[in-house]
Amino acid sequence: MNVNQTPSCFSFLLFVPAPTVHLSGRCGEALMRGADLFAPGVLGGSRWIRAGDKVAVYVDVDETMLKGATPAMLTGRRHFVGNGVAQMDRIAMIAKDASGIAVKMTEPIHPAPALNGVLPDMLLLQNLPSMLVAHLLSPLPSDRVLDMCASPGGKTTHAAALMHNQGIVVAVDRTADKVKAIEDLASRLGLTNIQAIRCDSTTLLTPTATSTPSAAPFEPESFDRIMLDPPCSGLGQRPRLKDLITLKNLIGFSPYQRKLFHVAFRLLKVGGTLVYSTCTLNPLENEAIVRFALDTFGLQLVDPGALRLGGPGLRWSEDGMPDGTRLPKGLTDQERLLVQRFDPAQSDTIGFFVAKFIKISADVRSAQ
């Protein structure tokens, strides 16, 4: 046999890797929740991708890729989120005004179903702990309810639906875009008992430039029930591929949360219900805020009873950290059993915290 002749018992396969598409981190997290890849989220990809091609989809974790780049230009980490089929050519994916689905995900690493367009006037996707908030609030059809940090409106519309589209739910947020998101969601779900207002909720008791000198957006003790889900560090959000929060940011949320609590307490009627919640695991924004509220206001924690789905609150030593850093006062063992903490390490949910209060008096015991 000629030594240059290939033996007939051997065959050779040329391995050609699938073309790849790269996207931003936040977009990648959406894909991990069941979404398809929309064109605005595409950063770049292999050359010569055509509609109909099978592609592997990666997240640019460190966000080093410039718009329109090829995989060879990626200098940071990447994370595989699944395979799909290109719905458009590469040039269309990275166009400045690109829109629509760029990649239809056929083999996502997390097989979460996409519900976009499925009974849009009847269904709203929510995390389990978030759904708990409105049920703990337990609003009645005759109630006047306030959602102080309402966008995008999931808890607002849930409460409005539990009220059978009666009474009134005032939904407040700080920007026009956030208010529009609330209004759009309420319209989509056919809810007419929601009034969306653009305002910083720390000023809900402050006279405005367009009001009379003695008037404010709302009178004290004018709401039966209040939801307070303030801006927080968001350490419980899932999935989360990367978090750039700093220690300074982490400790900077609680002062604003305390300001919101002062306003919430004054707006709530005696005998009314306040539900406080966050999507973070940071005890400075959770148990420490509950401690502050109990020590400062005429509030009492309420046992969730049959609505207990989470675990107890954290316990820590008031002696502080080994480096001498003092920690705020925590909850008693009995109080820890009245709040609910959701830890992703222990249950398949987002990280979350929720506490239910009743206003037993109008007393403010200190000016903290």
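This structure is a prediction, so every number in the text was calculated from the model and none was measured.

## With respect to the side chain of Glu287
Link 1 in the chain: Summarising the element assignment, Glu287 is placed in helix 8 (residues 287-296).
Link 2 in the chain: Looking at Glu287, the relative accessible area reads 0%, which means it is buried.
Link 3 in the chain: Looking at Glu287, its side chain comes within polar contact range of the main-chain nitrogen of Leu314, at 2.8 Å.
Link 4 in the chain: Ignoring anything within four residues of it in the chain, the contact list for Glu287 reads Gly313, Leu314, Trp316, Leu331, Arg341 and Phe353.

## Details of the pattern of salt bridges
When the charged atoms of two side chains with opposite charge come close together, those side chains can pair.
Link 1 in the chain: All told, the structure shown has 18 salt bridges when counted by the stated rule.
Link 2 in the chain: When the shortest N-O distance is used, the salt bridge between Arg240 and Glu29 registers 3.7 Å. On the criterion of sequence distance, the pair formed by Arg240 in the loop between strand 10 (223-228) and helix 6 (247-250) and Glu29 in helix 1 (residues 25-32) is long-range, its members being 211 residues apart.
Link 3 in the chain: Its relative accessible area of 31% is what places Arg240 among the partly exposed residues.
Link 4 in the chain: A salt bridge links Asp348 to Arg238; the shortest N-O distance between them is 3.2 Å.

## Details of helix 5 (residues 176-188)
Link 1 in the chain: Look at helix 5: 18 Å from first C-alpha to last across 13 residues, which is about the 18 Å you get at 1.5 Å a residue.
Link 2 in the chain: For helix 5, every residue scored as buried is listed here: Val179, Ile182, Leu185 and Ala186. One side of helix 5 carries all its buried residues, which in axial view fall inside an arc of 125°. More than 90 degrees from the buried face of helix 5, the exposed residues found are Asp177 and Ser187.
Link 3 in the chain: Check the buried side of helix 5 and you find it contacts helix 4 (154-162), strand 8 (168-173) and strand 9 (194-198).
Link 4 in the chain: The positive-phi residue at the C-terminal boundary of helix 5 is Gly190, with phi of around 70°.

Thresholds, definitions, all that
Residues numbered from 1 in each chain as written. Predicted model: local features only at pLDDT ≥ 70, side-chain atom pairs only at ≥ 80, totals over all residues. Heavy atoms only, no water. Helix = DSSP H or I, 4+ residues; strand = E, 2+ residues; numbered from the N terminus. Buried < 20%, exposed > 50% of the residue type's maximum accessible area, 1.4 Å probe, protein only. Polar contact = N/O pair within 3.5 Å; in protein donor to acceptor, adjacent residues only side chain to side chain. Contact = heavy atoms within 4.5 Å. Salt bridge = Lys/Arg side-chain N within 4 Å of Asp/Glu carboxyl O. Expected span 1.5 Å × (residues − 1). Arc of directions from axis to C-beta.

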